[in-house]
Amino acid sequence: MTVRETMSGRPEVADVGVLAAELLQQAREHHSRRAARTLVAGNSQRATLIALAEGAELAEHDSPPAATLHVITGSVRLSTHNHDRLLDGGQLTAIPPERHSLTAFLDSAVLLTVALH
């Protein structure tokens, strides 16, 4: 399937599975062990596909006002000071409104959707 892109270079229609595989390959080759691509960007929302090679981590950071994390493939841990959520491919969760980190147990691709204020 050909991905059509908007004038911004973002896909009009994204094949998330294909893009996840491409980003995982990039993540395996990059020193940070991760790669990302914004798929949707607007005034009120952003959707970013993030690939994390096994063992990669997004260090603790602030939470956006509202966000969800959908695990496309793999297995990750979403951690806050008080709670860990273990998520596998196909699972979706709201990101708690507190500082958090994300660690990949396996090569993983997640779709982060953020509501912008």
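Every chain's residues receive numbers from 1 upward, in the order its sequence appears when written. In keeping with the predicted nature of the model, local features appear solely for residues at pLDDT of at least 70, side-chain atom pairs appear and are counted solely at 80 or more, and the whole-chain, interface and lining totals rest on all residues. Hydrogens are left out, water is left out, and the side-chain values use all remaining heavy atoms of the structure.

A. Structural context of the sheet that holds strand S7 (residues 92-94). The antiparallel open sheet is built from five strands, whose spatial order is S1-S2-S9-S4-S7. Both outer strands of the open sheet, strand S1 (34-41) and S7, are each paired with one neighbouring strand and no more. When the angles between neighbouring strand axes are averaged without regard to direction, this sheet yields 20°. Two strands qualify as a pair provided DSSP detects at least 2 bridges between them. A run of DSSP states H or I qualifies as a helix once it reaches four residues; a run of E qualifies as a strand once it reaches two. Both are numbered from the N-terminal end. In the sheet, strand S4 (residues 66-73) pairs with strand S9 (residues 108-115) via seven bridges, with the strands oriented antiparallel. Looking at S9, one finds that alanine 67 is bridged to valine 114. Docked against the sheet, helix H1 (residues 16-29) engages S1, strand S2 (45-52), S4 and S9, running at close to 150° with respect to S1. All axes here are fitted lines through C-alpha atoms, helices being fitted over the stretch that makes contact, and every angle between N-to-C directions spans 0 to 180 degrees. Whether two residues touch is decided by their heavy atoms; if any such pair falls within 4.5 Å, the residues are in contact.

B. Seen up close, the layout of surface pockets. Cavities and pockets are found on a 1 Å grid laid over the protein atoms alone: a cavity is a set of points where a 1.4 Å probe fits but cannot escape, a pocket is an open set with protein on both sides within 12 Å along at least five of seven lines, and a lining residue has an atom within 4 Å of such a point. Grid points are joined across faces, edges and corners, and a volume is the space filled by probe spheres set on the points. The calculated volume of the largest pocket comes to roughly 150 Å³. Ile50, Leu58, His61, Asp62, Pro64, Leu69, Leu78, Ile95, His100, Leu102 and Leu112 together form the lining of the largest pocket. Of all the secondary-structure elements, those providing two or more residues to the lining of the largest pocket are strand S3 (57-61) and strand S8 (100-104). In this count, Pro and Cys sit with the nonpolar residues alongside Ala, Val, Leu, Ile, Met, Phe, Trp and Tyr, while Asp, Glu, Lys and Arg are called charged and the others, Gly among them, polar. Here the residues of the lining of the largest pocket sort into eight nonpolar, two polar and one charged.

C. The arrangement of the side chain of histidine 100 in detail. Within the fold, histidine 100 resides in strand S8. Side-chain polar atoms of histidine 100 contact the backbone oxygen of glutamate 98, separated by 3.0 Å. Dropping the residues within four chain positions of it, histidine 100 is found in contact with Ala59, Glu60, His61, Asp62, Ser63, Pro64, Leu78, Ser79, Thr80 and Ile95. Pairing of N or O atoms within 3.5 Å defines a polar contact, subject to two protein rules: one partner must be a possible hydrogen donor and the other a possible acceptor, and residues neighboring in sequence count only if both atoms are side-chain atoms.

D. Broad picture of the environment of valine 76. As for its position among the elements, valine 76 is in strand S5 (residues 75-79). For the pair valine 76 and valine 16, spaced 60 residues apart in sequence, the C-alpha to C-alpha distance is 18 Å. If near-sequence neighbours (up to four positions away) are discounted, valine 76 is found in contact with Val71, Arg85, Leu86, Leu87, Leu102, Thr103, Ala104, Phe105, Ser108 and Val110.

E. Spatial organisation of the sheet that holds S5. Taken in spatial order, the four strands of this open sheet run S3-S8-S5-S6, and their pairing is antiparallel. Of all strands in the sheet, those with a lone pairing partner are S3 and strand S6 (84-88), marking the two edges. Taken over all neighbouring pairs, the strand axes of this sheet differ in orientation by 15° on average, direction set aside. Sheet topology places S5 next to S8; four bridges connect them, and they run antiparallel. Bridged to valine 76 within S8 is alanine 104.

F. Summary view of the pattern of salt bridges. Any carboxyl oxygen of Asp or Glu that lies within 4 Å of a side-chain nitrogen of Lys or Arg is treated as forming a salt bridge with it. All told, the structure shown has three salt bridges when counted by the stated rule. One salt bridge connects arginine 28 with aspartate 107, and the closest N-O pair in it is separated by 2.7 Å. Separated by 79 residues along the polypeptide, arginine 28 in helix H1 and aspartate 107 in the loop between S8 and S9 bring together distant segments of the chain. Only protein chains enter the accessibility calculation, which uses a 1.4 Å probe; a residue is then buried when its area is under 20% of its type maximum, exposed when over 50%, and partly exposed in between. Using a relative accessible area of 37% as the deciding quantity, one classes arginine 28 as partly exposed. The partly exposed category is assigned to aspartate 107, whose relative accessible area is 25%. A salt bridge links aspartate 62 to arginine 99, with the shortest nitrogen-to-oxygen separation between them at 2.7 Å. With aspartate 62 in the loop between S3 and S4 and arginine 99 in the loop between S7 and S8, this pair connects stretches of sequence that are 37 residues apart.

Shape is all these values report; function is a separate question.
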